[in-house]
Structure formats: structure tokens, C-alpha cells
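Listed below, chain by chain, are the residues.
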Amino acid sequence: MDLLFVLLLLGCFCSFVLSDQQGDALIALKLSLNASGQQLTDWNENQVNPCTWSSINCNQNNNVFEVSLGMMGFTGYLTPRLGALKYLQFLSLQGNGITGEIPKEFGNLTSLIRLDLENNRLTGEIPSSLGNLKKLQFLTLSQNNLSGTIPESVAGISSLTEVQLDSNNLSGQIPQRLFEVSKYNFSGNNLNCGVSFGQPCAYNHSDQGSSHKPTGLIIGISITLVAILVIGGLLLFWYKGRHKGYKREVFVDVAGEVDRRIAFGQLRRFAWRELQIATDNFSEKNVLGQGGFGKVYKGVLSDNTKVAVKRLTDYESPGGDVAFQREVEMISVAVHRNLLRLIGYCTTPTERLLVYPFMQNLSLAYRLRELKPGELVLGWPTRKQVALGTARGLEYLHEHCNPKIIHRDVKAANVLLDEDFEAVVGDFGLAKLVDVRKTNVTTQVRGTMGHIAPEYLSTGKSSERTDVFGYGIMLLELVTGQRAIDFSRLEEEDDVLLLDHVKKLEREKRLEVIVDRNLNKNYNIQEVEMMIKVALLCTQATPEDRPLMSEVVRMLEGEGLAERWEEWQHVEVNRRQEYERLQRRFDWGEDSVYNQDAIELSGGR
């Protein structure tokens, strides 16, 4: 018994020491970033366990696995002491004003999966010690002042799937291994691609449609080999199952159906009974929401994984089953940190269900308008993060998927928030695959009133610019906390549409009136004005005048907004003057109805 007590005491002591080390490293980071008195106020150096601090996430063993400090206005430098966080998997410091070099001690973060230092003022070389990060998948160092060459050690990380090094002062040859990752960007440097590719050379690429013929050839050969292996494996599977009594894992449905748990790409096929048990027989108390194609239920799988189960209720009606097939097909290939990941699906003769990860913080609409007493209001820094994350998700759908994907119902209710309040664009049930050779497709109009672009309503033709319009309305929701259509405004004015209301206040230079009161004036009015300007550019009446989502991302990051806004204002002034001129021309006063009738009757004699 004494030995057990000593072991428990030793375990507690080790845990305390580890927490102390992690806390010390994070306090050193806070100091090195020159955090102001209003920033990271709960990072208390006398509280050694940092797991209760803001922007920090820990695992069940109280080890820090995520530090998320993006777009918080920090300056200062990166402390080498951060290298002590050996369990850290995600480090995000993008969109600040951090100077100095990337510490070589970052090479000690051997658990790191994502390193995002984009849009800072970092100088010096990329440390070769980063090559020690054998689990690293996402490396983002764009828009800094980094110099020197790209270390071969970094290129040798086999787990890399995305490398963003654009807009720096890097020079020398790009390691050939980096051209094999799914997504890369080396533009805006003094780099060369090497002789094997010849010139010209593309410096950016996502995994759809490579511009490098040698790499494409290798990928093509690899796919062929994989296909042969897969077919061979399936034949072997069939042979064993038929001739050697191969045992397969099965789930038996209530109605006696047999449903194998199989893989479809990265998807898992669930049995009906599994999802029935997970959702407590689809109890109404577990309903998270309801959309055009059915209800979404909260569920808990047998391994205690929380999920959201979308149960389609009208798949037998025209478009229902097609919508299911479309969503399964699309979400399985559209993979991005700001897009909702599909875990799996279930089909029976009478049911169609989709299974997603459960989003702990529900939807943006909930956080803006449906909070329960005691729940935290979305702060302004988080709202900026949501705006940028949603834009990046849509940019991926429009510009990096081939064929491109049109969402067709972008709104606050379809922007979900994960445990870190990171934006995750969901509900692709209304989305549409669009062939890149076509500019638009005529189809049934679907969406939510107030969020639908005017040309989509009038013609039924959707394009990525209809999503841009919906995104602009969502930005207005984000700033104001209000709905896109609010009939209560009829009591005071004629502007039922949120867009019209904001335009009027913008002309009157009274934008502070419209900002969400729940923020209690804890916001930067210049940033509010910037976001509203982006929203108004996105919601222009003519689709061709609206920016692409990649341009929206850049404007939110502070690039190119002033020029676009000046151009828009010039057009708006001309339109408004023309409208007022027409109004004066046909202003007949109180008897306008009768005068107009007289004119119509007297015409054409």
C-alpha cells in the first residue's frame, strides 16, 4: 500500500512539474509577444496549469496540444522557450506583427502537425531544425520577410501535405520533394524550380489539376498501380469470403437487413442500428436543427465519439436521393480545415443518413442570436477569425476544387463553430458541382430569402458569385447580430432587408449604430468599417462586380480593399444620382396616381 501511495505521489509530482514547465513556456511567450494589459489577461504566472487559459487547449492528461493566437495584434518576437511544449500539435500565430527569427528550438516540437506563422514580419532563414518535425502536415510561413534557401531537411518531412511559403524573400532552388505535396505556393520569392521541370514553372498548386507534367505522370502511374492493387485486393477478399469462410464484421438491422461496415474512400458506412442507438432512437431532445432535406440529431457512438447525424426525410421526392448522392460524393473529396468533414453515411431501402463530427459550439447563428443565459458572447477577435475562416473555406470550394463547388445557401446558420470557434462551412445538401467549362447552370432556386443573390432569384442561374453575395450578407450578420430580413424594422423605417439598412447607415456615416450591442463596444470601429466595406462589395447587384473569394480573403487580410472601395463608391454615387434624377422626373406630388392614369389614358390617340 505504501508503494502504491508513493507511485501515485510521484505521478502527481511529475504532472505538476510538466504543467509548471508548460505554464512557464507560455508565460514566456506572452511576454515575448508584448501582450498588452487587455490581452491574455487570464494567463496568470502564479497559476501553473495553463489548461484553463484562453486560446489554449489541453488533452485529458493536461498536456497543451494547441496554442491559437491568430489575428490578435501581437508584436514582439517568438520565444525559444516555446520549444518545451513537446505535446503541442497545433501552433497558430498568423495575422500578427511578430518580428525576429523563427527559433531553431521549434524543431523540438516533435508532435507538431500544423505550424501557421502567416502574415507577420518574421526575418532570417527557415531553421533546418524544422526537419525534425516528422509529424508536420501543414507548414504556413507566407507573407513574411524570410530569406535564404528552403532547407532540404524540411522538404524531407514525408507527412507534409501543404506548404505555403509565398510572399517572402527566399532564394535558391526549390527542393523537388516539395512539388509532390498536395498543395504548395512558392510565388513572390526569388526561387527557381530546378532543371527537371524546365521553364516556365508554376509556383503554386493544389492537389486538383497539377501544372507539372512530370509530377502528373508520376501521379497517374501511381493511381494506376493503386487501382490494380485495389482490384486485386477486392478479388482476394471475394475469394477468401467465398472459399475460406472469411469472417466479416456485420451489423443486423431491426428489420433483418445486413449492412457491412465498409470504406468508401475515407468514409465509413454505418448500420442503421448503430445510428438509431447513437441518437436514442432519433429522439426529439437530440435535434440540433432542421433544414430543407431533414433534421440533424446529436449522437454518441459506441466508442463515445460525438457526432451529428443528418437524417434525410424527403429522399424519395424529386432530387432527394440525388441530393444525398451529391453530398456524399462532394464532401468526400472536398477536404479543408474550414469545411465540414463527412465521417460516413448509412443507406437502407427506406433511409438515407449522413454522419458528421459534432460541432461543440454549434452554429454562428446560434452564437449570435440564440445564446442561453450564462453562455459567452462571440468577441470581436473571434468574429474576425470566423469571417476569414469562412472566406477561406468558400475560396477552396470555388477555386481549388475541380469541378468547382457552389454552396448556394451561405448564411450564419450554415457556418458551424468547432471547439476553438474556428469556422467550418457546413450543409452541402444544397451545393452543386459545376463544370469548370460552364459559367452558370440553370436549376431550381434553393436557399434562404434575404441571402439569395438577385440574379439567382430572377434567372435561376447560380455561380460562385451567388455564394459571394450570401457571404456578404453573412458578414453583415456577423457585425450586427441581426437577421437578413427583420420585419420589426417596419415600425421605424422601410428597410426590412439588413443590406438596405446597413447601406443607409453607411451613407449617413452612422455605422456604430448597427454594431451588435452584445459586444458592449469592445471592438475596433476601423475593423468594423473594413468588414462592412467588404460585405457591401460582395453584395453588389451585378454579379460580375463582386470580388472572387480569393480577393475577399486578401481584403480581409488588409490587401486591396481601399482601391476596390473607391471604385465602388464612384459607381454607387452615379447610380444614386441617376435614381434621384428619375424620381424627380416622375414626382407628381399627392395626385400622382390620377395624373399617371390620365397620361396612360391619353396616350396613343
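Structure: see above.
What you see is a predicted model, and the numbers here were worked out from it, not measured in a lab. (Residues numbered from 1 in each chain as written. Predicted model: local features only at pLDDT ≥ 70, side-chain atom pairs only at ≥ 80, totals over all residues. Heavy atoms only, no water.)

A. Region of interest: the state of the cysteines. Applying the stated criterion across every chain, the model contains one disulfide. The partner cysteine of Cys51 in its disulfide is Cys58, sulfur to sulfur 2.2 Å. When the S-S torsion is -95°, as for the bridge of Cys51 with Cys58, the disulfide is left-handed. (Disulfide = S-S within 2.5 Å.)

B. Expanded view of the sheet that holds strand β5 (residues 138–140). As summarised here, the arrangement of the eight strands in space is β1-β2-β3-β4-β5-β7-β9-β11, forming an open sheet in which the pairing is mixed. This sheet does not close on itself; its edge strands, each paired only once, are β1 (56–58) and β11 (204–205). Relative to strand β2 (residues 64–68), β1 is paired through three bridges, and the arrangement is antiparallel. By the bridge assignment, Asn57 is partnered in β2 with Glu66. (Pairing = 2+ DSSP bridges. Helix = DSSP H or I, 4+ residues; strand = E, 2+ residues; numbered from the N terminus.)

C. Examining the packing of aromatic side chains more closely. Taken as a whole, this structure holds six aromatic pairs when the rule is applied. Judged by centre distance (5.9 Å) and plane angle (85°), the ring pair of Phe179 and Phe186 falls under edge-to-face. Assessed through its relative accessible area of 1%, Phe179 is described here as buried. With a centroid separation of 5.1 Å and an interplanar angle of 25°, the aromatic rings of Trp272 and Phe282 are classed as stacked. Taken together, the positions of Trp272 in helix α4 (residues 272–278) and Phe282 in the loop between α4 and β16 (287–291) put the pair ten residues apart, joining distant regions of the chain. Ring-pair connections join several aromatic residues into one group, and the members of that group are Phe179, Tyr184 and Phe186. Across from the ring centre of Phe358, 4.8 Å away, lies the NZ or CZ of Lys298, which sits over that ring. Here the guanidinium or amino end of Arg311 rests over the ring plane of Phe282, the centre of that ring lying 4.3 Å away. (Phe/Tyr/Trp six-rings, centres within 6.5 Å; stacked < 30°, edge-to-face > 60°. Buried < 20%, exposed > 50% of the residue type's maximum accessible area, 1.4 Å probe, protein only. Lys NZ or Arg CZ within 6 Å of the ring centre and 35° of its normal.)

D. Examining the side chain of Gln164 more closely. Along the polypeptide, Gln164 turns up in strand β7 (residues 162–164). Here Glu162 takes part through its side chain, which lies 3.4 Å from a polar atom of the side chain of Gln164. If sequence neighbours within four positions are ignored, Gln164 has contacts with Leu139, Thr140, Leu141, Ser142, Lys183, Tyr184 and Asn185. (Polar contact = N/O pair within 3.5 Å; in protein donor to acceptor, adjacent residues only side chain to side chain. Contact = heavy atoms within 4.5 Å.)

E. Fine view of the pairing of strand β18 (residues 306–312). Of all the seven residues making up β18, five are buried; the element is thus mostly covered by neighbouring parts of the structure. By the bridge criterion, seven bridges tie strand β17 (residues 294–300) to β18 in an arrangement that is antiparallel. The residue of β18 that forms the bridge with Val296 is Lys310. The antiparallel pairing of β17 with β18 creates a hairpin that spans five residues between the two strands, and Asn304 there sits at a positive phi of about 75°.

F. Spotlight on the packing of helix α7 (residues 380–399) against helix α9 (residues 464–480). α9 packs onto α7 with a crossing angle of 175° between their chain directions and a minimal axis gap of 11 Å. One way to sum up the angle between α7 and α9 is to call them roughly antiparallel. Here Trp380, Arg383, Val386, Ala387, Thr390, Ala391, Leu394 and His398 of α7 come into contact with α9, specifically with Glu464, Asp467, Tyr471, Met474, Leu475, Leu478 and Val479. Residue composition of the contact of α7 with α9, by class: ten nonpolar, two polar and three charged. (Axes fitted to C-alpha atoms, helices over the stretch in contact; angles between N-to-C directions. Parallel < 35°, antiparallel > 145°, perpendicular 65-115°, else oblique. Nonpolar A, V, L, I, M, F, W, Y, C, P; charged D, E, K, R; others polar.)

G. Here's a closer look at the pattern of salt bridges. For the structure on display, the rule yields 18 salt bridges. Between Glu274 and Arg268 there is a salt bridge whose closest N-O contact spans 2.7 Å. A residue is classified by how much of its surface remains accessible, and Glu274, at 12% relative accessible area, is buried. Note that Glu508 is salt-bridged to Arg510, the shortest N-O span being 2.8 Å. Judged by relative accessible area, Glu508 falls into the partly exposed class, the value being 37%. Shared partners join several salt bridges into a network, and the residues in it are Asp116, Arg337 and Glu422. (Salt bridge = Lys/Arg side-chain N within 4 Å of Asp/Glu carboxyl O.)

H. The arrangement of α9 in detail. Taking 1.5 Å per residue, 17 residues should reach 24 Å; α9 reaches 25 Å between its end C-alpha atoms and fits that length. Most of α9 sits inside the fold, with 17 of its 17 residues counted as buried. (Expected span 1.5 Å × (residues − 1).)

I. Focus on the packing of α7 against helix α11 (residues 525–538). The contact between α7 and α11 brings their axes to 12 Å, and the two run at 25°. Taken together, the axes of α7 and α11 are roughly parallel relative to one another. Seen along the crossing, α7 lies across α11 with a hand that is left-handed. Contacts from Trp380, Arg383, Lys384 and Ala387 of α7 reach α11 at Glu527, Val528 and Met531. Tallied by class, residues from the contact of α7 with α11 come to four nonpolar, no polar and three charged. (Left-handed = near helix turned anticlockwise from the far one by under 90°.)

J. Focus on the environment of Val64. Counting through the fold element by element, Val64 comes out in strand β2. Exposure remark for Val64: the relative accessible area of 0% places this residue in the buried category. Sequence spacing of Val64 and Leu88 is 24 residues, and the spatial spacing of their C-alpha atoms is 5.8 Å. Setting aside residues up to four positions removed in sequence, Val64 forms contacts with Gln22, Leu26, Pro50, Ile56, Asn57, Cys58, Tyr87 and Leu88.

K. The sheet that holds strand β8 (residues 169–173), seen in detail. Strands sit in the order β6-β8-β10 across an open sheet of three strands; the sheet is parallel. The open sheet has two edge strands, β6 (147–148) and β10 (190–192), and neither has a second partner. Pairing between β8 and β10: three bridges, direction parallel. Its bridge partner lying in β10, Ser171 is registered against Asn190.

L. Seen up close, helix α12 (residues 549–556). By the criterion of burial, α12 is predominantly enclosed, with six of the eight residues buried. Buried within α12 are the following residues: Met549, Ser550, Val552, Val553, Met555 and Leu556. Phi turns positive, to about 95°, at Gly558, one or two residues after α12.

M. Region of interest: unusual backbone geometry. Unusually for a residue other than glycine, Asp280 sits at a positive phi of about 55°. Of note, Asp280 is situated in the loop between α4 and β16. If you check the backbone angles, Asn281 has positive phi at about 60° while not being a glycine. Relative to the elements of secondary structure, Asn281 occurs in the loop between α4 and β16.

N. Region of interest: the nonpolar core. Of all hydrophobic cores here, the largest spans 60 residues; its most connected members are Leu364, Tyr471, Leu475 and Val552. Element by element, the count of residues in this core is highest for α9, at nine residues. Leaving out residues up to four positions away in the same chain, Leu475 has contacts with Ala387, Met531, Val534 and Ala535. The next biggest cluster of nonpolar side chains, apart from the first, holds 50 residues, and it includes Trp43, Leu141, Leu146 and Ala155. (Core = buried A, V, L, I, M, F, W, Y, C linked by side-chain atoms within 4.5 Å.)

Function cannot be inferred from these measures alone, as they are strictly geometric.
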